[in-house]
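Results of the structural survey
If you want the building blocks of each chain, they are given just below.
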Amino acid sequence: MFKVIVQRSVFLKALSYVQSVVERKNISEISSHVKLEAFGTSLTLTTLDNTMSITTSIVADIEHNGSLTLPVHTLYDIVRKLNEETIELKIDKEQPNMVAVASGFSLFHLPYLKAEKFPRIDVGNFECKFALPITSMQRLIEKNRYTISLEDARYHLNGIYLHPILESNELRATATDGHRLSSSIITLPKDAKNMQPVIVPRKTIFELSKIIADKENELQIETSATKIKFTIDGITMVSKLIDANFPEYLPLIPYNNELYFSIFSSDLAQAVDRVTTILIAKSQAIEFIINGSELQIQAGGDNQSLANEKLEINSNMENFIIPFNARYIIDIMSAIGNETNVSFKFSDQISSVLVQAENDEKTDFVIMPMRV
């Protein structure tokens, strides 16, 4: 008959993980539901979309085993707004097509669907299995999330490219949208030597980032030719991979650029933030004007408004002017952080620019100057 009692805080956290996967506009009703499976002392929650699924289990007081599905966003909003800590979910005897959600003096009735209608998740077999420190995965995501392409036409760039480099015992993560690129390296886990290169979709990356934000244990990763699986603290995410070839990117990183300037990252980030105040969109152009130990940052807005910042730098350049997309600079500074020197390395005013943080020799950023 399905009757369970759960703790609100525990249930809410589990729902927060699974509900964000589900699109609010779904073609089928069942796709907007969460499957609830009650058995023994465990309540298992599962959601999915056309590319990924998330499953997690929580401890619950199960009075009657059973399984069914409920509209996940409605259920999440109800649980989020309840005040009492204990929540009871059960099939209503008087309205057998409804689930009663009761907590304190609050009572809701939600229509449910049979669990048998929920799409079956074909996980398949995984050839490579390894563990990764959670800080390493957080680092790879944080350094590369901003450069993932948002253009659906560039399907092969809609994710982060992960691949092992056996010669140097490294695992490299790279992303690019065609205008900028980021690439970061960590030590290759010992069991990942047989891992095949994979492109993990953008949505999967962002959902994984939410899940691991407050975690401390190791992240278990499994890969096959078509899927990737992440497991941590009773939460399992299975995602399709992007079936495409990632471009040969290493030749695009201009390690031989010899002109440079360096500056403390927070000083640059704050200055760029100030001058972009007059811009309608952060994606508009700003100019870097480099003269010896001085960097000027200029921006021109509507109605002939102007902004100018002067900063002290170390450089080997004179009378060098180059325009950048302001958003690209802001994103790089966000990925780098505020407590380090950052170097911009150039060959000329029209070629790609290498950006590196002094405290991070394992990450490279590449941006193209803006054409104005």
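This text follows the structure it describes.
**Looking at the environment of Leu-279**
As for its placement among the helices and strands, Leu-279 is situated in the loop between helix H5 (265–275) and strand E20 (285–291). Linking Leu-279 and Val-342, residues 63 residues apart in sequence, is a C-alpha distance of 25 Å. For Leu-279, the contacting residues outside a window of four places in its chain are Gln-284, Ala-285, Ile-286, Ala-299, Gly-300, Gly-301 and Ala-326.

**Concerning the layout of surface pockets**
As a volume, the largest pocket reaches approximately 310 Å³. Along its surface, the largest pocket is lined by Asn-50, Thr-51, Asp-152, Tyr-155, Asn-158, Pro-201, Arg-202, Lys-203, Lys-240, Leu-241 and Ile-242.

**A word on the packing of aromatic side chains**
The description of two aromatic rings rests on the distance between their centres and on the angle between their planes. Evaluation of the coordinates by the stated rule reveals 10 aromatic pairs. Ring centres of Tyr-161 and Phe-246 lie 4.7 Å apart, and the angle between their planes is 10 degrees; this geometry places the pair in the stacked category. Taken together, the residues Tyr-161 in strand E12 (residues 159–165) and Phe-246 in the loop between strand E18 (235–240) and strand E19 (259–264) connect sequence positions 85 residues apart. For the residue pair Tyr-161 and Phe-246, the accessibility class agrees, reading buried in each case. These aromatic residues form a ring-pair network of at least three members: Phe-261, Phe-288, Phe-320, Phe-324, Phe-344 and Phe-346.

**Some points on H5**
Among the residues making up H5, those that are buried are Ser-265, Ser-266, Leu-268, Ala-271, Val-272 and Val-275. Looking at the buried side of H5, the elements it contacts are E19, E20, strand E21 (294–300), strand E22 (306–312), helix H6 (326–336) and strand E25 (341–346).

**Here we look at the environment of Leu-36**
Summarising the element assignment, Leu-36 is placed in strand E2 (residues 33–39). We classify Leu-36 as buried; its relative accessible area is 0%. Distance from Leu-36 to Ala-115, taken between C-alpha atoms, is 7.9 Å for residues 79 residues apart in sequence. When sequence neighbours within four positions are dropped, the list of residues in contact with Leu-36 reads Phe-2, Leu-43, Thr-44, Leu-45, Gly-66, Ser-67, Leu-68, Leu-70, Leu-75 and Leu-89.

**Structural notes on the packing of H5 against H6**
Interhelical geometry of H5 versus H6 gives an angle of 145 degrees and a closest axis separation of 10 Å. In the packing of H5 onto H6, the handedness of the crossing is left-handed. Counted together, Ser-265, Leu-268, Ala-269 and Val-272 of H5 and Ala-326, Ile-329, Ile-330, Met-333 and Ile-336 of H6 form the full contact between these two elements. By residue class, the composition of the contact of H5 with H6 is 8 nonpolar, 1 polar and no charged.

Parameters at a glance
- Residues numbered from 1 in each chain as written.
- Predicted model: local features only at pLDDT ≥ 70, side-chain atom pairs only at ≥ 80, totals over all residues.
- Heavy atoms only, no water.
- Helix = DSSP H or I, 4+ residues; strand = E, 2+ residues; numbered from the N terminus.
- Contact = heavy atoms within 4.5 Å.
- 1 Å grid on protein atoms, 1.4 Å probe; cavity = no way out; pocket = protein on both sides within 12 Å on 5 of 7 lines; lining within 4 Å.
- Points joined across faces, edges and corners; volume = space filled by probe spheres on them.
- Phe/Tyr/Trp six-rings, centres within 6.5 Å; stacked < 30°, edge-to-face > 60°.
- Buried < 20%, exposed > 50% of the residue type's maximum accessible area, 1.4 Å probe, protein only.
- Axes fitted to C-alpha atoms, helices over the stretch in contact; angles between N-to-C directions.
- Left-handed = near helix turned anticlockwise from the far one by under 90°.
- Nonpolar A, V, L, I, M, F, W, Y, C, P; charged D, E, K, R; others polar.

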